[in-house]
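Given next are the chains, with one letter for each unit.
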Amino acid sequence: LAKTTQPISMDSYEGQEVNITCSHNNIATNDYITWYQQFPSQGPRFIIQGYKTKVTNEVASLFIPADRKSSTLSLPRVSLSDTAVYYCLVGENSGYSTLTFGKGTMLLVSP
Amino acid sequence: DAGVTQSPTHLIKTRGQQVTLRCSPKSGHDTVSWYQQALGQGPQFIFQYYEEEERQRGNFPDRFSGHQFPNYSSELNVNALLLGDSALYLCASSLSPDQPQHFGDGTRLSIL
């Protein structure tokens, strides 16, 4: 399984765009990149998943360069409610796969 | 449509006791996975059940066992509890290989 590296914490202010970068140098050809969000005392929630280039949904965008050795989760105009831990996962694109979580990035959004 | 539900939400046990945690998957989901999340850490995979059988297992001792019922609900059993078993236990379910896993909000287990 490809190991991921992401910042331990990030700070931002309401209304700003936040970009969280994840490094995954050993990503395999069949691996997808998935991001989960977790609030305190709740289970992780799926945000977005991608294989290459750019993926966008109503919540976030995911940018993946051609070499796929890193990826960036972009959260537009964050609010206080976006304060959470964000996990970058790399692995097979399967709902039956075992998910390997790192320690994630704690994002703190201030007024 | 209810999501993944887990019970109880909180539980306190003492060392050496046994505990059973329960999970009802999201409607229609047939695969259930269990994860352990220690404070300040990401979730760690324990095992996965499909068609009432354990299909995959993480690096957890045999004290951790499980079961899946015909209605796809699942139980996680932990025997001979240790202080280090204190954690948030998460259940995740999935519908098919091309859909992401959905997590419940977990059971907070505290060992005294």
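Read on for an overview of the structure. (Residues numbered from 1 in each chain as written. Chains lettered and ligands numbered in written order. Predicted model: local features only at pLDDT ≥ 70, side-chain atom pairs only at ≥ 80, totals over all residues. Heavy atoms only, no water.)

What follows covers the sheet that holds strand β8 (residues 74-78) of chain B. Residues and elements named next belong to chain B. Taken in spatial order, the four strands line up as β1-β3-β8-β7 in an open sheet, and their pairing is antiparallel. Of all strands in the sheet, those bounded by a partner on one side alone are β1 (5-7) and β7 (64-68). Averaged over all adjacent pairs, the angle separating strand axes in this sheet is 20°, with direction ignored. With three bridges joining them, β1 and strand β3 (residues 19-24) adopt antiparallel strand pairing. Residue pairing in the sheet places Thr5 in a bridge with Ser24 of β3. (Pairing = 2+ DSSP bridges. Helix = DSSP H or I, 4+ residues; strand = E, 2+ residues; numbered from the N terminus. Axes fitted to C-alpha atoms, helices over the stretch in contact; angles between N-to-C directions.)

Next up on the list: the environment of Trp35 of chain A. Residues and elements named next belong to chain A. Summarising the element assignment, Trp35 is placed in strand β3 (residues 31-38). Overall, Trp35 belongs to the buried group, its relative accessible area being 0%. Spatially, the C-alpha atoms of Trp35 and Pro76 are 15 Å apart, while their sequence positions differ by 41 residues. (Buried < 20%, exposed > 50% of the residue type's maximum accessible area, 1.4 Å probe, protein only.)

Further remarks concern the state of the cysteines. Among covalent bonds in proteins, the disulfide is the one between the sulfur atoms of two cysteines. Under the counting rule described, the total for this entry stands at two disulfides over all chains. One disulfide in the model links Cys22 of chain A with Cys88 of chain A; its S-S distance is 2.2 Å. Residues Cys22 of chain A and Cys88 of chain A share a disulfide whose torsion about the S-S bond is about -80°; that sign makes it left-handed. Of this pair, Cys22 of chain A sits in strand β2 (residues 18-23) while Cys88 of chain A sits in strand β8 (residues 84-92), and the two are 66 residues apart along the sequence. For the pair Cys22 of chain A and Cys88 of chain A, a shared accessibility class is recorded, and that class is buried. Between the sulfur atoms of Cys23 of chain B and its disulfide mate Cys91 of chain B the distance is 1.8 Å. Taking the sign of the torsion about the S-S bond as the criterion, the disulfide between Cys23 of chain B and Cys91 of chain B, at about -60°, is left-handed. Linking Cys23 of chain B in strand β3 with Cys91 of chain B in strand β9 (residues 87-94), this pair joins segments that are 68 residues apart in sequence. (Disulfide = S-S within 2.5 Å.)

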